[in-house]
Amino acid sequence: MKREWDFFDRPGNRKALLIIFVASLVFLLVIDFFIHKHPYFGWDGLPTFYAFYGFLGCVLLVVIAKNMRRFIKREEDYYD
Amino acid sequence: MLFLPAVTFVMLAGTPDGTYTLMPFLNSELLVRFDKLSKVFGYVFIIITFIGVIYALHVKGAGELAASFIHAGSALGAVFAGDLLSLFVFWEMLTLSAAFIIWSRRSRRSQGAGFRYLLVHLFGGMCLLAGIIMHVKQAGSLEFGYIGVNGLASYLMLLGVAVNTAIPPLHAWLTDAYPEASVTGTVFLSVFTTKTAVYVLARAFPGADILVIVGAIMTIFPIFYAVLENDLRRVLCYSLINQVGFMVVGVGIGTSLAINGAAAHAFADVLFKSLLLMSVGAVMYRTGTCLATDLGGLYKTMPITMFFCIVGAASISAFPLFSAFCTKSMIMSAAGHEQLTVIWLLLLFASAGVFHHAGIKIPYFTFFAHDSGKRPPEAPPNMLVAMGLAAFLCIFIGVYPQPLYNLLPYPVEYVPYTADHVVSQLLLLFCASLAFATLMITGYYPPEMRSVNLDTDWFYRKAGPAFLRAVGGPVAAANDWLGRLFLDRIPGYLVRFGQNPSAVMKLALETLTLPFRDEESRMRINKEKDALRASYSSYVLKPWFLSHSLLLVALFLAVYLVFYLLYSK
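Residues numbered from 1 in each chain as written. Chains lettered and ligands numbered in written order. Predicted model: local features only at pLDDT ≥ 70, side-chain atom pairs only at ≥ 80, totals over all residues. Heavy atoms only, no water.

Asker: Got a sec to walk through the overall build of chain A? Specific residues and values, please.
Answerer: In terms of regular secondary structure, chain A is built from two helices and one strand. Helices (α) and strands (β) of chain A occur, in sequence order from the N terminus, as α-α-β. Relative to the globule expectation of 12 Å for 80 residues, the C-alpha radius of gyration of chain A, 21 Å, shows a markedly less compact shape. Principal-axis analysis of the C-alpha atoms gives chain A an extent of 55 × 50 × 15 Å. In chain A, which comprises 80 residues, the share counted as buried stands at 29%. Taken as a whole, chain A presents about 5600 Å² of accessible surface, with 70% of it coming from carbon and sulfur. (Helix = DSSP H or I, 4+ residues; strand = E, 2+ residues; numbered from the N terminus. Rg over C-alpha atoms; globule rule 2.2 N^0.38 Å. Buried < 20%, exposed > 50% of the residue type's maximum accessible area, 1.4 Å probe, protein only. Areas by Shrake-Rupley, 256 points an atom, 1.4 Å probe, with all protein chains shown as cover.)

What follows is the structure in structure tokens.
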């Protein structure tokens, strides 16, 4: 029988992908300081603005969504 | 079947811009208009029909496909309509054919969802019609051009279009009905209704400030729902509202860059949204489910579908080299140039949010995450070809946007690939995925859960029926009582009185003095009363047959006629 393709389940591959991800993130953060910006408002040209906004935005998104569940979650057959 | 969209495409490409008279109608003319704005939408509608037909080649039975073709054709008709009457006719055909596509799944849920879809859209259509009639009366012509927000006619038209654009709180039909259609039906549905509405907005209401605000709301609120939703096709429907929100903002800003952005993003969105729906649809076709709780680990046996899904996810998230990077950024840029600080921040937040739920959540929960143990075979070849075509176009637009830019209504000076744009966007997306990973690892991320999340459709699915039950009981009882009073008891008294007034009056007098009589005479009076009632019992209304009511109707008409003859002129 053909062996199953389990590339993403092997710990070694996962670790390599993680390292690539972190390395590129660090690389981007560093070159962000040396790039000529064309900001619309001024403050959006500050280095790492997009990084912080992306991270905090997503955390906020999940925090709000998780708390919304208290109010809007119903059983799966609620409407049936 | 594939021939038809291909021929249409060639014909459209060969038609020079201009407005053509189709035929005279009453004291006006029905017009067909080809210009850059309508052609952009026309092209992408035809392309996606072609791809959608390939995707649906395996479907047996012609019903759903026929409805899909009518749906696509109506959208093309609405986009090329040069007058408001044709626009309205195609608008309603769009609604009807969509309902048939939804019903084609033949499940109990799709049946209900189809009816709700129809009712909501008929309401929208009626608003549009009322607005059109008022507008035509004021403007004196049927021509469909710039209208602008001024006066009741335009409000009504805007309201009608808002229903189809899925502007909140009128959006719930979309997330209610689309995910209940079949695997192939949803792909068709996701394209036409909302984009036609965006086109109408861009044609009739560019630069309307209200659209900037509602558009920004549209981009924000669905992403919270998308994070919680378990049904992955419903997640994509929420992100559809979010993407349409970007276009609505673009139309609302109304500068040439913004309108270009809205049209370009509509073009790109049609491709990547249907690509995502096709890949999730392929998974659903093979496994029978698209619930995040039931999926996971499918990359092992459906690697090609996974690849296409990730292309779609990267496109919707505006990764460099993928389509939205060159289209959505035009709208962002327009908002920046107009110094709309809050709107720009909200759109940026929505961009990160899109990546979060559509870019990561969809592929992650389907193909990775916890292993569901499912080992479905790869998607059928026709589906792979369809997804491949869409994926190719997504990447093509991302890498080489110039052909698309040439199609846009205004000349484009926008350059997407600058160093700071690429790095900023990559940082935004990388840090969004970092946030996702952090929340996943720490276990804070809300777990997938089988559930229904309340949305504004609650008002007509729960509150409405409950209201009817609460109010209906008393109203029905009152109606019953009034009916008996006026149709039975009062006529009864009158009849008895008319037949024998003296006896009735004598009895009434005796009834009034009843408390002062002795036992024996009381019984006598009651007996007489019963006898009188029995002799003219409740047959009062029996002789009223159809002929009588017809006679009455004829009489009323005759009276009207007399009035008309006397008082006209």
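Asker: Account for the confidence of the model for chain A, with residues named and values stated.
Answerer: Of the residues in chain A, 96% reach a pLDDT of 70 or more, and the chain-wide mean stands at 88. Highest mean pLDDT in chain A belongs to helix α1 (residues 11-31) of chain A (92); lowest belongs to strand β1 (residues 73-74) of chain A (88). (pLDDT = per-residue confidence, 0-100.)

Asker: Before we move on, can you summarise the interface of chain B and chain A with the specific residues and values?
Answerer: Contacts between the two partners involve 56 residues from chain B and, on the opposite side, 48 residues from chain A. Regarding the contact of chain B and chain A, the summed buried area is about 5200 Å², with carbon and sulfur atoms giving 72% of it. Where chain B meets chain A, there are two salt bridges. Here A:E76 ties to B:R450 by a salt bridge, and the two come within 3.2 Å at their closest N and O atoms. Summed over the shared surface of chain B and chain A, the number is 16 residue pairs in polar contact (both at pLDDT 80 or more). Contributing elements (two or more residues each) for the side of chain B that touches chain A: α5 (108-139), α9 (209-228), α13 (323-337), α14 (341-367), α17 (419-442), β3 (452-453) and α18 (458-499) of chain B. (Contact = heavy atoms within 4.5 Å. Buried area = accessible area lost by both parts, 1.4 Å probe. Salt bridge = Lys/Arg side-chain N within 4 Å of Asp/Glu carboxyl O. Polar contact = N/O pair within 3.5 Å; in protein donor to acceptor, adjacent residues only side chain to side chain.)

Asker: Quick rundown of the confidence of the model for chain B? Include the residues and the values.
Answerer: Residue and element names in this part refer to chain B. Looking at chain B, the pLDDT average stands at 90 and 98% of residues meet or exceed 70. Looking at the elements of chain B, mean pLDDT is at its lowest for helix α20 (residues 519-535), recorded as 79, and at its highest for helix α10 (residues 232-253), recorded as 96. Predicted as a complex, the structure gets a pTM of 0.86 and an ipTM equal to 0.92.

Asker: For the pairing of strand β2 (residues 28-34) of chain B, give the residues involved together with the corresponding values.
Answerer: All names here are of chain B. Most of β2 sits out of view: five of its seven residues are buried. Bridging between strand β1 (residues 18-25) and β2 involves seven bridges; their strand directions are antiparallel. Residue pairing across strands places T19 opposite R33, the latter belonging to β2. Two successive antiparallel strands, β1 and β2, enclose a turn made up of two residues, where L26 displays a positive phi of approximately 50°. (Pairing = 2+ DSSP bridges.)

Asker: Describe unusual backbone geometry, naming the residues involved and giving the relevant values.
Answerer: Residue and element names in this part refer to chain B. A cis geometry characterises the amide bond from P168 onward to P169, with omega recorded as 5°. Within the fold, P169 resides in the loop between α6 (151-165) and α7 (172-177). Phi is positive for A318, which is not a glycine, with a value near 65°. With respect to the helices and strands, A318 occurs in the loop between α12 (303-316) and α13. With a phi angle near 60°, Q339 is a residue other than glycine that sits in the positive phi range. Inspection of the secondary structure puts Q339 in the loop between α13 and α14. A residue is classified by how much of its surface remains accessible, and Q339, at 45% relative accessible area, is partly exposed.

Asker: How would you explain the packing of aromatic side chains if you had to name every residue and give the values?
Answerer: This model, assessed by the stated rule, comprises 41 aromatic pairs over all chains. Aromatic ring contacts, followed pair by pair, group A:Y40, A:F41, A:W43, A:F49, A:Y50, A:Y53 and B:W344 into a single cluster. Looking at A:K66, its charged tip hangs above the ring of B:Y444, at a distance of 4.1 Å from the centre. Lying across the ring of A:Y78, B:K462 places its NZ or CZ 4.6 Å from the centre. (Phe/Tyr/Trp six-rings, centres within 6.5 Å; stacked < 30°, edge-to-face > 60°. Lys NZ or Arg CZ within 6 Å of the ring centre and 35° of its normal.)

Asker: A description of α13(B) should follow, citing residues and the corresponding values.
Answerer: Since there are 3.6 residues in each turn of an α-helix, residues three or four apart along the chain are aligned in direction. Taking 1.5 Å per residue as the helical rise, α13(B) with its 15 residues ought to reach 21 Å, and the 22 Å between its terminal C-alpha atoms agrees with that figure. B:Q339 sits one or two residues past α13(B) and shows a positive phi near 60°. (Expected span 1.5 Å × (residues − 1).)

Asker: I'd like a rundown of the pattern of salt bridges, residues and numbers included.
Answerer: Scanning the entire structure with this criterion turns up 19 salt bridges over all chains. Close ionic contact of B:D294 with B:R450 constitutes a salt bridge, the shortest N to O distance being 3.0 Å. With a gap of 156 residues between them, B:D294 in the loop between α11 (256-287) and α12 and B:R450 in the loop between α17 and β3 connect regions that are remote in the sequence. On the accessibility criterion, B:R450 (39% relative accessible area) is partly exposed. Here B:D371 and B:K300 are joined by a salt bridge, their closest N and O atoms 3.1 Å apart. Of this pair, B:D371 sits in the loop between α14 and α15 (381-399) while B:K300 sits in the loop between α11 and α12, placing them 71 residues apart in sequence. According to the relative accessible area criterion, B:D371 is partly exposed, its value standing at 39%. Look at B:K300 and you get buried, because its relative accessible area is 10%. Counted as one network, the salt bridges with shared partners bring together A:D9, A:R14, B:K300, B:D371 and B:R375.

Asker: Describe in detail the environment of A:P11, supporting the description with residues and values.
Answerer: Secondary-structure assignment places A:P11 in helix α1. For the pair formed by A:P11 and A:F34, sequence separation is 23 residues and the distance between their alpha carbons is 36 Å.

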